[in-house]
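Observations on the model geometry
Chain by chain, the residues run as shown.
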Amino acid sequence: MQRGTDMKKIIAFTLAVCMAATSALALTPVQLDGILAERYPASVPQAVTQAATVEDKLAALGDPYARYMTAEEYADFQASMSEGEQAVGATVTAALEDGHVGRIVISVFGPGTYEGLKTAVNTHDAAADRWIVDLRGNTGGDLRGAVDAMSVFMGKGDLVYLREKGDKLYCAASDTAKESMDPVIALVDSRTASAAELFAANVRDRQRGIIIGSRTYGKGVAQSLFTAKEYPQAFADGSALLLTTGYAFSDSLTTANVMGVIPTLLVDDAMTEPVAKLLCAKAPAGDNSGTLRVHLGRWRWYVDLAAAQARPEVFAALLEALPPQTDLYLGSGSGWEKQSVAAVAARYGKGVSSRSFSDVGASEYADAINTLKTYGILKGNAAGDFMPKATLDRASLCALLAQAMDYPKSNDAPAFPDTPADAWYTPYVTTLSQMGVVNGYDDGLFHPNDPIPHQQFMVILARIIANTNHTCHAALAAGMPDEDAASGAYDAYDPWARTGVWVLDGWWHAPAKAIVPKAPTTREEAAYDLYSALNGLGLIP
């Protein structure tokens, strides 16, 4: 892992740019192939190497942020970047609310964000015992500025990582101490992207608080700008290439790329700030009657029940967003009585809609399944049923995982002859095939209606997790250590499955050696295993 000047080459989390139609391209297809071979961080699809023009190669690459610019377009791009930097101005606004809640809005991360945030926190820290940091609509900005801003609440250490070609890992670190020890509520929405996602993810990873809002945008990549300085012959005419060259990871070495950051409390956008404020009641100093204490992460949050019942729609949004296993406590005057989410909702809530499935109550994995439902990760049928005991087939597995990870449905031609273009599952199968997550059989077919054996499911899930977490990615690439292979614990699995099972071992509802590898996987088993993986990575509680 390296630090230093390499980070300066990264165009820090710029906004998405559109492919531009160009003429008289100076960059040749052969030169582009060379740059991709040297710098593109993922496998280059065969369609790219087969394409005849630069335009077609970039289209086949599927990188939404890649852009070839003529000299004139590059000049316009530089001008727009310069104007954007000048327009950043004050990126932080702050106020003290209710006498004890510091509310901060960060509109974008720039070189001045750290000083603005530090000043805001120092101004209000003596009175504030909670911080609301609003990242809604923040599309990122300068990575260095974001890392420095993180240090205000997270202190010293390695905070962000970039993985480039050849799995080279670079880190962006802070050497400044934190300015406040009080917990943070990060507010996010679907426009929260890039460096702002890293900030929110590190609130989670560093256990500095919670995240409230909707699932974020999912931009976990960084771009580099290549000009004649890096490739004199390819860009001699003054043209340039903007290309994804790295994947970004938060402190836990997990990326938000594509899947976004899953909030601690998933609520509608209109409820994001009201729910946050509801959780910011002061801790009772004496009589705690009329107070609800909510345990989320390592922090305790307090709700004034009178204020909650005065705004029943906000209280309902909070109760609906709480995972079923959340610890709640009602003040009894001098002590605290533990309550379930369902019990509090029944006693105090009005208009609370259950996010649980209607048919999983008897499942031993009910809490895990309903937690995934709470976060919108699992979907049932129109009747609200999950059918937990049903056997999972290969087509349904692809749909379940693609929807869970928020992967976009592919509009490309089907990847297999037996996945018809008009079949409901084909876009999901094609997406996971293009990502290298699923394969066909030796006969070239996918067999979508076949039951999925445990060992197949485990390998597929291992690949999903490797796309999300660098540690899992590195373990899957390195393979199982000789001592584990020699232990005999994985001998029941086919050789091709053992490394994937080893990567996931320890997160399952039973030890790997106790699973019947070739037995079919049920929907409840798949859901629990997915929950175990996401929970093990710290992405959901």
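Structure report, in brief. Computed from a predicted structure; not experimentally measured.

When its secondary structure is counted, the protein shows 19 helices and 16 strands. Scaling as 2.2 N^0.38, a compact globule of 541 residues should have a C-alpha radius of gyration of about 24 Å, and the protein matches this with 25 Å. Overall, the protein is about 75 × 60 × 45 Å in size when its C-alpha atoms are taken along their principal axes. For the protein, buried positions account for 54% of its 541 residues. Sequence separation of at least 24 residues holds for 73% of the intrachain contacts in the protein that already meet a minimum separation of 6. When the accessible surface of the protein is summed, it comes to about 22500 Å², and 51% of that surface belongs to carbon and sulfur atoms. In the protein, which carries 43 positive and 61 negative side-chain charges, the distance between the mean positions of the two groups comes to 5 Å.

What follows covers the sheet that holds strand β4 (residues 101–106). The sheet built from six strands is open, its strands ordered β3-β4-β5-β8-β9-β12 with mixed pairing. Because the sheet does not close on itself, it has two edges, and the strands there are β3 (92–97) and β12 (265–266). In this structure, strand β5 (residues 130–134) lies alongside strand β8 (residues 184–188), joined through four bridges in parallel fashion. Across the sheet, the residue bridging to V133 is A186, located in β8. Seen against the sheet, helix α5 (residues 113–124) touches β3, β4 and β5 and runs at an angle of roughly 10° to β3. Of the strands in this sheet, β5, β8 and β9 (209–213) are in contact with helix α7 (residues 195–205), which crosses β9 at around 135°.

Criteria and thresholds
- Residues numbered from 1 in each chain as written.
- Predicted model: local features only at pLDDT ≥ 70, side-chain atom pairs only at ≥ 80, totals over all residues.
- Heavy atoms only, no water.
- Helix = DSSP H or I, 4+ residues; strand = E, 2+ residues; numbered from the N terminus.
- Rg over C-alpha atoms; globule rule 2.2 N^0.38 Å.
- Buried < 20%, exposed > 50% of the residue type's maximum accessible area, 1.4 Å probe, protein only.
- Contact = heavy atoms within 4.5 Å.
- Areas by Shrake-Rupley, 256 points an atom, 1.4 Å probe, with all protein chains shown as cover.
- Lys, Arg positive; Asp, Glu negative; His and termini not counted.
- Charge placed at Lys NZ, Arg CZ, Asp CG, Glu CD.
- Pairing = 2+ DSSP bridges.
- Axes fitted to C-alpha atoms, helices over the stretch in contact; angles between N-to-C directions.

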